[in-house]
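# Remarks on the overall topology
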Amino acid sequence: MERFLWYPLEDLPFIVLVLIIAFTVHEFAHAYSAYKFGDDTAYKEGRVTLNPAVHLDVLGTALLLIAGFGWAKPVPVNPSRFKNRKLMGVIVSAVGPLSNLLIAVVGMFILYLLDATGLLHAGSQGVYMALVHFFYYLITINLLLFIFNLIPLPPLDGYRIISDLLPLRIRYKMEQHIHWGMIIFLLMVFIPPLRQYTLTPILGLSTDIFFALIDLFNGVFGPLNWRDFIMDFYA
């Protein structure tokens with residue numbers, strides 16, 4: 001069963017909890033920003049909420065656990081209701097990935113705060129290991145989702161951002177060939193050699209952000225012993 005899943009079986013509770021948080025906040029960010037900009041489509045469908053039940057897609061969540069990628073229920077948006085269609089359309093698309101980046105930053109802040117106050121080691125070894133696993137996944141998965149969703153291929157947010165920035169005539173041409181973009185995306189995901197030279201290097205950028213955040217928080221709080229932290233994680 002463990003080989004069937006993308007993540008270690010024993011870490012499944014942490015992964016599921018992190019995915020619920022990541023997907024829910026991501027979709028809420030889309031729905032809330034669209035509503036504030038004048039489009040009540042998502043609001044009428046009950047999507048302007050932090051209730052995970054209305055955002056999670058069973059198949060999309062299961063695939064992320066199995067294949068390492070997945071999705072939540074897309075938020076319906078009607079850009080024609082925006083006062084500034086291009087600008088507000090870009091913002092509504094961008095706030096989803098940015099919310100994942102924010103979760104990662106907040107997660108690292110809490111981790112450093114717990115370490116600085118001694119609370120990280122205040123409990124039993126079991127509590128410590130649970131905190132280590134949870135925050136490690138909270139930070140790394142949300143950084144991956146941040147980068148992943150900015151890839152400019154349908155159906156990802158990066159495609160919608162690029163589409164809204166382009167002139168109308170080019171956008172129409174892109175929409176006519178959107179199925180090819182989705183085919184390319186699926187090939188990149190499911191063909192290992194193609195994935196190795198496309199998605200893997202792109203998603204590797206999340207590691208660069210991870211270490212940049214470590215440098216930032218080390219400067220604010222003082223060094224956190226990440227070597228022992230990671231060793232404890234893989235113990």
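As a starting point, this report considers the structure included with it. (Residues numbered from 1 in each chain as written. Predicted model: local features only at pLDDT ≥ 70, side-chain atom pairs only at ≥ 80, totals over all residues. Heavy atoms only, no water.)

## Quick look at the nonpolar core
We apply this condition: Within this scheme, the nonpolar core is defined by two criteria: the residues are buried Ala, Val, Leu, Ile, Met, Phe, Trp, Tyr or Cys, and they are joined through side-chain atoms within 4.5 Å. Relative accessibility thresholds used throughout: buried, under 20% of the residue-type maximum; exposed, over 50%; partly exposed, between the two (1.4 Å probe, protein chains only). Put simply, DSSP H or I for four residues or longer makes a helix, DSSP E for two residues or longer makes a strand, and each gets a number counted from the N terminus. Any two residues whose heavy atoms approach within 4.5 Å at even a single point are treated as in contact.
Within the largest apolar cluster, 32 residues are counted, with the highest numbers of intra-cluster contacts made by Met108, Leu111, Tyr112, Ile139, Ile141, Phe210 and Trp226. Secondary-structure elements contributing two or more residues to this core are helix H1 (12-36), helix H4 (85-116), helix H5 (125-149) and helix H11 (205-221). In terms of residues, this core owes the most to one element, H5, which gives twelve residues. Sequence-distant contacts of Phe210, that is, excluding residues within four places in its chain, are made with Met108, Ile139, Thr140, Leu143 and Trp226. Within the second largest apolar cluster, eleven residues are counted, among which are Ile147, Phe148, Leu153 and Val189.

## Overview of the packing of aromatic side chains
To keep things clear, this is the line we draw: Pairing of aromatic rings covers Phe, Tyr and Trp, the last counted by its six-membered ring, and requires centre-to-centre distances within 6.5 Å; plane angles under 30 degrees mean stacked, over 60 mean edge-to-face, and any other angle means tilted.
Inspection of the entire model under this criterion finds eleven aromatic pairs. Ring geometry for Phe109 and Phe217: centres 6.5 Å apart, planes at 50 degrees, overall tilted. Here Phe109, found in helix H4, pairs with Phe217, found in helix H11; they are 108 residues apart in sequence, far enough to count as distant. When its relative accessible area of 37% is taken as the criterion, Phe109 is described as partly exposed. Centre to centre, the rings of Tyr112 and Phe221 are 5.9 Å apart; their planes meet at 35 degrees, and the pair counts as tilted. In this pair, Tyr112 sits in helix H4 while Phe221 sits in helix H11, placing the two residues 109 residues apart along the sequence. Given a relative accessible area of 29%, Phe221 falls into the partly exposed group. Feature note: the residues Phe109, Tyr112, Phe217 and Phe221 constitute an aromatic cluster, connected by ring pairs.

## Some details on the pattern of salt bridges
Using the following cut-off: Salt bridges are counted wherever a side-chain nitrogen of Lys or Arg sits within 4 Å of a carboxyl oxygen of Asp or Glu.
Counted under the stated rule, the structure contains five salt bridges. One salt bridge connects Lys44 with Asp40, and the closest N-O pair in it is separated by 3.6 Å. Look at Asp40 and you get partly exposed, because its relative accessible area is 22%. Among the salt bridges present, the one from Arg85 reaches Asp164, with a minimum N-O distance of 3.2 Å. With a gap of 79 residues between them, Arg85 in helix H4 and Asp164 in helix H6 (residues 157-165) connect regions that are remote in the sequence. For Arg85, a relative accessible area of 35% gives the class partly exposed. For Asp164, a relative accessible area of 9% translates into the label buried. Residues joined in a network through salt bridges with shared partners are Asp39, Asp40, Lys44 and Arg81.

## Structural notes on the packing of H4 against H5
As a reminder of what qualifies: A fitted line through C-alpha atoms represents every axis, and for helices the fit uses only the stretch in contact; the resulting angles, taken between N-to-C directions, go from 0 to 180 degrees. Roughly parallel means an angle under 35 degrees; roughly antiparallel, over 145; roughly perpendicular, 65 to 115; everything else is oblique. Working rule for handedness: look at the near helix, and if it is turned counterclockwise from the far one by less than a right angle, call the crossing left-handed; if clockwise, right-handed. Side-chain classes are defined by residue name, with Ala, Val, Leu, Ile, Met, Phe, Trp, Tyr, Cys and Pro counting as nonpolar, Asp, Glu, Lys and Arg as charged, and the others, Gly among them, as polar.
Across the interface, H4 lies against H5 with an axial gap of 8 Å and an inter-helix angle of 160 degrees. On the basis of the axis angle, H4 is roughly antiparallel to H5. The interaxial crossing formed by H4 with H5 has left-handed handedness. Contacts between H4 and H5 involve Pro97, Leu98, Asn100, Leu101, Ile103, Ala104, Gly107, Met108, Ile110, Leu111 and Leu114 from the first element and Phe135, Leu138, Ile139, Asn142, Leu143, Leu145, Phe146 and Asn149 from the second. When its residues are assigned to classes, the contact of H4 with H5 shows 15 nonpolar, four polar and no charged.

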